[in-house]
Amino acid sequence: RIELPRHLGADLEFEATVDGDLRVPDQLRWQARIGARNLDLAQWSALLPASYPVPVAGRGSVEASARGTGRTVTGLRVQPRFAGLRLPSGTEFTRLAGELRLQREGDDFALEASGLELSRPAAVWQPSRLAATLELRDGRVRTASLRADYLRIENPPFMRLVVEVVGQMFPNGACEVSVAHYGVQNGDAMRDPEITFFSSSILKYNSSKVSIMRLLY
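Predicted model only: the values in this text are computed from it and were never measured.

**Considerations on the nonpolar core**
If you look at the biggest cluster of nonpolar residues, it comprises eight residues: Leu4, Ala36, Leu39, Leu41, Phe82, Leu85, Phe93 and Leu96. Put simply, the parts of the chain that give this core at least two residues each are β3 (29–40), β5 (72–86) and β6 (92–105). Among residues more than four places away in sequence, those in contact with Leu41 are Pro55, Val56, Ala57, Gly58, Phe82 and Leu85.

**As for unusual backbone geometry**
Positive phi is not limited to glycine here, since Asn38 has a value of about 55 degrees. Tracing the backbone shows Asn38 in strand β3.

**Section: the environment of Ile2**
One can find Ile2 in strand β1 (residues 2–3). The exposed category is assigned to Ile2, whose relative accessible area is 53%. Here the alpha-carbon distance between Ile2 and Phe14, two residues 12 residues apart in the chain, equals 8.6 Å.

**Looking at the pairing of strand β11 (residues 160–166)**
As paired strands, strand β10 (residues 150–153) and β11 are joined by four bridges and run antiparallel to one another. Its bridge partner being in β11, Tyr150 is matched across the sheet by Glu164. The hairpin turn running from β10 into β11, its antiparallel successor, is six residues long. Two strands pair when backbone bridges link them, and β11 and strand β12 (residues 175–185) are joined in this way by seven bridges, in the antiparallel orientation. Across the sheet, the residue bridging to Arg160 is Tyr182, located in β12.

**Some points on the pattern of salt bridges**
Across all of its chains, the model carries 13 salt bridges by this definition. Of the charged contacts, one joins Glu3 and Arg1 as a salt bridge, the two residues approaching to 3.6 Å between their closest N and O atoms. Relative accessible area serves as the criterion here: at 56%, Glu3 is assigned to the exposed category. Two residues, Arg37 and Asp11, come together in a salt bridge whose shortest N-O distance is 2.5 Å. In this pair, Arg37 sits in strand β3 while Asp11 sits in strand β2 (residues 11–19), placing the two residues 26 residues apart along the sequence.

Cut-offs and rules
Residues numbered from 1 in each chain as written. Predicted model: local features only at pLDDT ≥ 70, side-chain atom pairs only at ≥ 80, totals over all residues. Heavy atoms only, no water. Core = buried A, V, L, I, M, F, W, Y, C linked by side-chain atoms within 4.5 Å. Buried < 20%, exposed > 50% of the residue type's maximum accessible area, 1.4 Å probe, protein only. Helix = DSSP H or I, 4+ residues; strand = E, 2+ residues; numbered from the N terminus. Contact = heavy atoms within 4.5 Å. Pairing = 2+ DSSP bridges. Salt bridge = Lys/Arg side-chain N within 4 Å of Asp/Glu carboxyl O.

The structure is reproduced here in structure tokens:
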């Protein structure tokens, strides 16, 4: 554990373990974890070379852990929690938080995000869950799927469009989906109009085309 200078943050924690024969590095099994608390990203941005693509403002913490064999990473978990985040491009987030998990088995990848929040000024994001899988063969994408329970589309000057899952998923895999334009009236978010339906949807990629399979109940 390293205590940071006060203007940079609170502290950094790092730990790692390795198992196997050090004479055969490609077969070593390893895992590592790093955590940083109360970081001031503006101070880090001023400290690092300008060529480093780090946020230019924001405060918060992050924790990351990984495991693998040799040079291959088989699992990765990241938990960021930042407020007032501003990227070099000028994009700002009032809050960025959630948990991201990446699993790899051979040529198959699975990505899952829970409690994902990407709130921007005047556009609060509802924490949501995202799951994606990717299968490669001979270095090319063979199949992919994506499932999310919240999607927001902003295209000024039109009203914000929100597609979200309402409530819990039913035992047969179906869920209630709400589609609505959102505006602000007297400081409150207003739906105008709202449509709900029951659906089981999967977005799939196969070789060279993307298709949406939907079964309505």
